[in-house]
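Fold and contact review
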Amino acid sequence: MSVVLVTGGAGFIGANFVHFLRRQRPEWQIINLDLLTYAGNPENLAGLEEDPRHILVQGDVADPALVASLFSRYPITRVVHFAAETHVDRSIMDPGVFVRTNVLGTYTLLEAARHAWQGLKAEEPRFLHISTDEVYGSLGPQDPAFTEKTPYSPNSPYAASKAGADLLVRSYFRTYGFPALITNCSNNYGPYQFPEKLIPFALSQALAGKPVPIYGAGTNIRDWIYVEDHCRGALLVLEQGRPGETYNLGGRQEKPNLELVRLLLKLLREMRPELGHPEELITFVTDRPGHDWRYALNTAKIEGELGWRPQVDLEEGLRRTLSWYLGHQDWLERVRSGAYRDYLQRQYGAAVV
Ligand code: NAD
Ligand code: TYD
């Protein structure tokens, strides 16, 4: 039986991964380390409360004593490291916590695993570090998509902190022969995503009949991947990837933001005709500083080596996402209350909130 440490497993992708792992590898023991920040929510793990194969530990990945104690208490041979501060706009307001969690947290985890795994022979351990395409910087309209060899050129404090973490992970492989792998993934969407991110934010604003803010002219392009495709890719890399390697995971579905939001609101109108014309709520607001223009990923490496391909197309993924949120409006209401409202005020001002 494998014991896997999942960090950030109460957040959006981490919680999806924990549920996915439960279905795909029911015999694995999951230790889920999550600080339960504003983005971490035990409700995302509903159904696992009584499951002896899932243990939620509330704590900080940057706490060396706590992290070391998990490695001595449990025979952990797999790590999947999702825990991070993840929202670009928050990183512009308050970069310090991004450096602390993303860089120092990753370093703390690497050190604990490196010491715990010294001399381990029974099972080959593996450490999967989950990262983002944002470390590569921004593309122009005619540029080829990022490959694993594209030099890092991060533009936001979030992207820079993830890039720093990635480089540390890489150095542990080079220096210590530490069994690390990295995935760089494009923009995810799906159930449990905190509604500060574009898709669930636009949806929750539309459901509340409030403005749906689009930065700049809405021409910035992102490559969207349904979260389950990411989870499948992460497990594949964890089990079959080559240590020391990086794999890009992308949805191969590039869309300008305005087109994406229009599609989302069209699908919402089809599912909830009583909402009238939610596309009329679209409002153009001041652009994000340093806003990356376009992300796109070349995924030939993982397709060729491991046979992974995204399976859920954008419209199908958006329908599934909408169904989930429409069926979990109580979740959305609870998440939208409290400190999150203060963040919205600071970010968008009273006109949007
Ligand atoms: P999220 O913000 O929804 O969740 C992050 C989780 O990490 C939360 O549960 C939070 O409580 C936890 N956390 C934060 N600080 C912590 C700390 N110090 N110690 C322990 N836990 C802590 O993020 P997400 O969107 O699920 O992203 C997960 C990972 O995937 C991140 O590493 C992110 O960089 C990466 N990623 C995200 C996307 C995306 O589109 N969301 C794309 C590519 C890569
Ligand atoms: P976001 O979901 O924050 O992801 P990221 O910045 O990590 O790509 O934003 C996705 C895109 O949507 C990005 O180009 C910024 C834009 N955006 C808006 O236009 N309005 C918004 O209110 C938000 C949150 C994002």
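Here the structure is shown first, and the text comes after it.
Residues numbered from 1 in each chain as written. Chains lettered and ligands numbered in written order. Predicted model: local features only at pLDDT ≥ 70, side-chain atom pairs only at ≥ 80, totals over all residues. Heavy atoms only, no water.

Thoughts on the overall build of the chain
Within the chain, the regular secondary structure consists of 12 helices and 12 strands. A compact globule built from 353 residues should have a C-alpha radius of gyration of about 20 Å, and the chain, at 20 Å, falls within 12% of that. Counting only C-alpha atoms and orienting by the principal axes, one finds that the chain spans roughly 65 × 50 × 40 Å. For the chain, the residues scored as buried account for 57% of the 353 residues in total. Taking the intrachain contacts of the chain between residues at least 6 apart in sequence as the baseline, contacts between residues at least 24 apart amount to 83%. Here the chain displays about 14400 Å² of accessible surface, and carbon together with sulfur accounts for 51% of that area. Looking at charge distribution, the chain has the averaged site of its 36 positive side-chain charges lying 3 Å from that of its 41 negative ones. (Helix = DSSP H or I, 4+ residues; strand = E, 2+ residues; numbered from the N terminus. Rg over C-alpha atoms; globule rule 2.2 N^0.38 Å. Buried < 20%, exposed > 50% of the residue type's maximum accessible area, 1.4 Å probe, protein only. Contact = heavy atoms within 4.5 Å. Areas by Shrake-Rupley, 256 points an atom, 1.4 Å probe, with all protein chains shown as cover. Lys, Arg positive; Asp, Glu negative; His and termini not counted. Charge placed at Lys NZ, Arg CZ, Asp CG, Glu CD.)

What to know about helix H7 (residues 227–240)
Over its 14 residues, H7 runs 20 Å from end to end, which matches the ideal 20 Å to within 8%, given 1.5 Å per residue. Taken across its 14 residues, H7 has 10 buried, putting it largely inside the fold. Residues of H7 that are buried include every one of Val227, Asp229, His230, Cys231, Gly233, Ala234, Leu235, Leu236, Val237 and Leu238, and no others. (Expected span 1.5 Å × (residues − 1).)

Quick look at the sheet that holds strand S9 (residues 221–226)
The three strands lie next to each other as S7-S9-S11, forming an open sheet whose pairing is mixed. Both outer strands of the open sheet, strand S7 (187–189) and strand S11 (254–256), are each paired with one neighbouring strand and no more. This sheet shows a mean twist of 50 degrees between the axes of neighbouring strands, independent of strand direction. Of the strand pairs in this sheet, S7 and S9 are connected by three bridges, and their pairing is parallel. By the bridge assignment, Asn187 is partnered in S9 with Trp224. The strands that helix H8 (residues 257–271) touches are S9 and S11; relative to S11, the one it contacts most, it runs at about 95 degrees. (Pairing = 2+ DSSP bridges. Axes fitted to C-alpha atoms, helices over the stretch in contact; angles between N-to-C directions.)

Comments concerning the site of ligand 2
Within the structure, ligand 2 sits among 18 residues, and Glu134, Arg222, Arg288, His291 and Tyr348 are positioned closest to it. The side chain of Asn257 places a nitrogen or oxygen atom 2.8 Å from an oxygen atom of ligand 2. Looking at the shell around ligand 2, the elements with two or more residues in it are helix H6 (198–207) and strand S8 (212–215). Here the shell around ligand 2 takes three residues from S8, the largest share from any one element. (Near = heavy atom within 4 Å. Polar contact = N/O pair within 3.5 Å; in protein donor to acceptor, adjacent residues only side chain to side chain.)

Quick notes on the site of ligand 1
Lining the immediate surroundings of ligand 1 are 28 residues, of which Ile13, Asp34, Thr86, Tyr158 and Lys162 lie closest. Take Gly40: an N or O atom from its main chain is 3.5 Å from an oxygen atom of ligand 1. Contact distances for ligand 1 include 2.7 Å between an oxygen atom and a side-chain N or O atom of Lys162. Coverage of ligand 1 by the protein amounts to 97% of the 840 Å² it exposes when considered alone. Within the residue set of the shell around ligand 1, elements represented by two or more residues are helix H1 (12–24), strand S5 (126–132), helix H5 (157–176) and S7. If you tally residues by element for the shell around ligand 1, the top one is S5, at three residues. Here the residues of the shell around ligand 1 are counted per class, giving 13 nonpolar, 12 polar and three charged. (Nonpolar A, V, L, I, M, F, W, Y, C, P; charged D, E, K, R; others polar.)

Points about the packing of aromatic side chains
Within this structure, the stated rule accounts for 20 aromatic pairs. Consider the rings of Tyr340 and Tyr343, whose centres lie 6.2 Å apart with planes at 15 degrees: the pair is stacked. Within this pair, Tyr340 and its partner Tyr343 are both found in helix H12 (residues 339–348), separated by three residues, close to a single helical turn. The same class applies to Tyr340 as to Tyr343, namely buried. Through pairs of rings, three or more aromatic residues link up here, namely Phe71, Trp117, Phe127, Tyr172, Tyr176 and Phe178. Taking the ring centre of Tyr38 as reference, the NZ or CZ of Arg90 above it sits at 3.6 Å. Here the guanidinium or amino end of Arg90 rests over the ring plane of Tyr343, the centre of that ring lying 4.1 Å away. (Phe/Tyr/Trp six-rings, centres within 6.5 Å; stacked < 30°, edge-to-face > 60°. Lys NZ or Arg CZ within 6 Å of the ring centre and 35° of its normal.)

So, the sheet that holds strand S3 (residues 54–58)
An order of S3-S2-S1-S4-S5-S6-S10 is seen for the seven strands of this open sheet, with the pairing classed as parallel. The open sheet has two edge strands, S3 and strand S10 (246–249), and neither has a second partner. The mean inter-strand angle of the sheet, taken between neighbouring strand axes irrespective of direction, is 20 degrees. In the sheet, strand S2 (residues 29–34) pairs with S3 via five bridges, with the strands oriented parallel. In the sheet register, Asp34 faces S3, and the bridge partner there is Gln58.

What to know about the packing of H8 against helix H10 (residues 314–327)
Two numbers describe how H8 lies on H10: the axes approach to 10 Å, and their chain directions differ by 55 degrees. Here H8 lies oblique to H10, going by the angle between them. Regarding H8 and H10, the two cross each other, and that crossing is right-handed. Within the contact between the two elements, H8 uses Leu260, Leu263, Leu264, Leu267, Leu268, Glu270 and Met271 and H10 uses Leu314, Glu315, Leu318, Arg319, Leu322, Ser323 and Leu326. Residues that form the contact of H8 with H10 fall into these classes: 10 nonpolar, one polar and three charged. (Parallel < 35°, antiparallel > 145°, perpendicular 65-115°, else oblique. Left-handed = near helix turned anticlockwise from the far one by under 90°.)

Any functional reading would require information beyond the geometric quantities listed.
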